[in-house]
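# Overview (structure and organization)
Below, each chain spelled out in residue letters.
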Amino acid sequence: MADFGWLYALAIALPVTVAALHVLRLRRGFRDGGGLPSVRHVAALAGGTARVTETVVASMLEREQARLGGSGRLYRTPLVPVDPLGRELAGHLSSFPGHELRTTMTRGPAMRALWAELGRRGLVVAEGRRRLTWRIAAVVYAVLLEVGTVRWIATDGTVVLTVLLVVALALLIVSLRLGRTDHEGRTTAAGRAVLAEAESDRSLVSGAAGAVALGGFAAYPHREFAVILSRYGGRPGKDTRTFGRGDGPGSSTCGTGGY
């Protein structure tokens, strides 16, 4: 029984150890030697998918591809963004309120393509692989619990084996929880290093889009815009392309130059 106890304890410790080491490697990431190609990539590493959407909005305002009303409504203009994320967001402005734009953009093909690229470069955690690691560990613990239970019945339930079964059950629950939890958007250690370098690259983080990429809507250079965007969540205006009518009583529709 003593030999089985030692072997069983080792078997219980092994899955969680291997899984944890693998997850740590995933969180460390790797660098492919290249820099970040766009401010969207900077935003993704700095603040996840929500920050990317905010940066696209800031970029569209800066280029007069969208206009902002005093109540927080965004309007499309005749100028059409050329990048996939901008085109996708412009297409949603007449359909979704602001608080839904982030969720909608997260599911879009352009955002998924951006995240896949960062994952291939080792700059964000591969969440699918992380969750799979813990799910495999959970399967192993389920098998170990079955083996241990059979042994426990055969030996009339020794104290040592009872404790080990409790530990195995606890690790099974932890593994299942970690395997279900989604931390999509986490930057790896390598990604943080690349981001730190990009923060001083004025070719990437200049203008309103660069400020928002690093600091969110609150960092928008136009302070009145920053206040409106920070509480942005109202339903956007209709895609009317008629911008002189204002956005409600006491407000006006504006581009990047002010109200």
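Everything here concerns the structure above.
This write-up is about the structure you can find in this document. Numbering of residues begins from 1 in every chain and follows the order in which that chain's sequence is written. Predicted model: local features are reported for residues with pLDDT of at least 70 only, side-chain atom pairs are reported and counted for 80 or more only, and whole-chain, interface and lining totals are derived from all residues. Excluding hydrogens and water, the side-chain figures rest on all heavy atoms present in the structure.

Let us look at the overall build of the protein. Secondary structure elements are taken from DSSP: a helix is a run of H or I of four residues or more, a strand is a run of E of two residues or more, and numbering for both begins at the N terminus. A tally of helices and strands in the protein yields 10 helices and 3 strands. Listing every helix and strand of the protein by position from the N terminus yields α-α-β-β-α-α-α-α-α-α-α-α-β. Buried, partly exposed and exposed residues are distinguished by accessible area as a fraction of the type maximum, computed with a 1.4 Å probe on protein chains only: under 20%, between the cut-offs, and over 50%, respectively. Expressed as a percentage of its 259 residues, the buried residues of the protein come to 42%. Any two residues whose heavy atoms approach within 4.5 Å at even a single point are treated as in contact. Taking as baseline every contact in the protein between residues at least 6 positions apart, the subset at least 24 positions apart corresponds to 75%. Summed over all atoms, the accessible surface of the protein reaches about 13,200 Å², with 60% contributed by carbon and sulfur. The protein chains shown are the only cover counted for residues, whose accessible areas, like all others here, come from Shrake-Rupley with a 1.4 Å probe.

Moving on to the packing of helix H2 (residues 39–62) against helix H8 (residues 189–198). Interaxial distance between H2 and H8 falls to 10 Å at its minimum, and their mutual angle equals 125°. As judged from the angle between their axes, H2 and H8 are oblique. Of the two elements, H2 crosses H8, and the hand of that crossing is left-handed. Of H8, the residues touching H2 (which contributes Val42, Leu45 and Ala46) are Gly191, Leu195 and Ala198. Throughout, the ten residues Ala, Val, Leu, Ile, Met, Phe, Trp, Tyr, Cys and Pro are labelled nonpolar, Asp, Glu, Lys and Arg are labelled charged, and all others, Gly among them, are labelled polar. When its residues are assigned to classes, the contact of H2 with H8 shows 5 nonpolar, 1 polar and no charged. Here an angle of 0 to 180 degrees is reported between the N-to-C directions of two axes, which are lines fitted to C-alpha atoms, with helices fitted over the stretch in contact. Orientation labels follow simple angle bins: below 35 degrees gives roughly parallel, above 145 gives roughly antiparallel, 65 to 115 gives roughly perpendicular, and whatever is left gives oblique. Whether a crossing is left-handed or right-handed is set by the direction in which the near helix is turned from the far one by less than a right angle, anticlockwise for left-handed and clockwise for right-handed.

A word on helix H7 (residues 159–180). Between its first and last C-alpha, H7 extends 32 Å over 22 residues, near the 32 Å set by a 1.5 Å rise per residue. The complete set of buried residues in H7 reads Leu161, Leu164, Leu165, Ala168, Leu172, Ser175 and Gly179. Buried residues of H7 fall within an arc of 100° about the axis and therefore sit on the same side. Opposite its buried face, H7 presents the exposed residues Val159, Val166 and Arg177, each directed more than 90 degrees away. Residue count minus one, scaled by 1.5 Å, sets the expected span of a helix. This arc describes the spread of directions from the helix axis toward the C-beta atoms.

Opposite charge on two side chains permits them to pair, given that their charged atoms come into close proximity. Here a salt bridge means any side-chain nitrogen of Lys or Arg lying within 4 Å of a carboxyl oxygen belonging to Asp or Glu. Summed over all chains, the structure comprises 7 salt bridges. For arginine 186, the salt bridge goes to glutamate 127, with nearest N and O atoms at 3.6 Å. Note that arginine 186 is positioned in the loop between H7 and H8 and glutamate 127 in helix H6 (residues 127–154), a separation of 59 residues in sequence. Residue arginine 186 is classed as partly exposed on the basis of its relative accessible area, which comes to 23%. Given the relative accessible area of 2%, glutamate 127 is considered buried. Look at the salt bridges and you will find they share partners, linking Glu127, Arg130, Arg131, Asp182 and Arg186 into a network.

Take the packing of H6 against H7 next. It is the contact of H6 with H7, at a shortest axis distance of 8 Å, that shows an interaxial angle of 160°. Comparing the axis directions of H6 and H7 gives the class roughly antiparallel. Of the two elements, H6 crosses H7, and the hand of that crossing is left-handed.

Only residues whose relative accessible area exceeds 30% and that form no salt bridge are eligible for patches; like-charged ones are grouped when within 9 Å, while nonpolar side chains (Val, Leu, Ile, Met, Phe, Trp, Tyr) are grouped when within 5 Å. Together, Leu132, Ile136 and Val140 line one region of the surface with nonpolar side chains, adding up to about 250 Å² of accessible area. Mapped onto the elements of the fold, valine 140 is located in helix H6. Judged by relative accessible area, valine 140 falls into the partly exposed class, the value being 34%.

On their own, these measurements won't tell you what the molecule is for.
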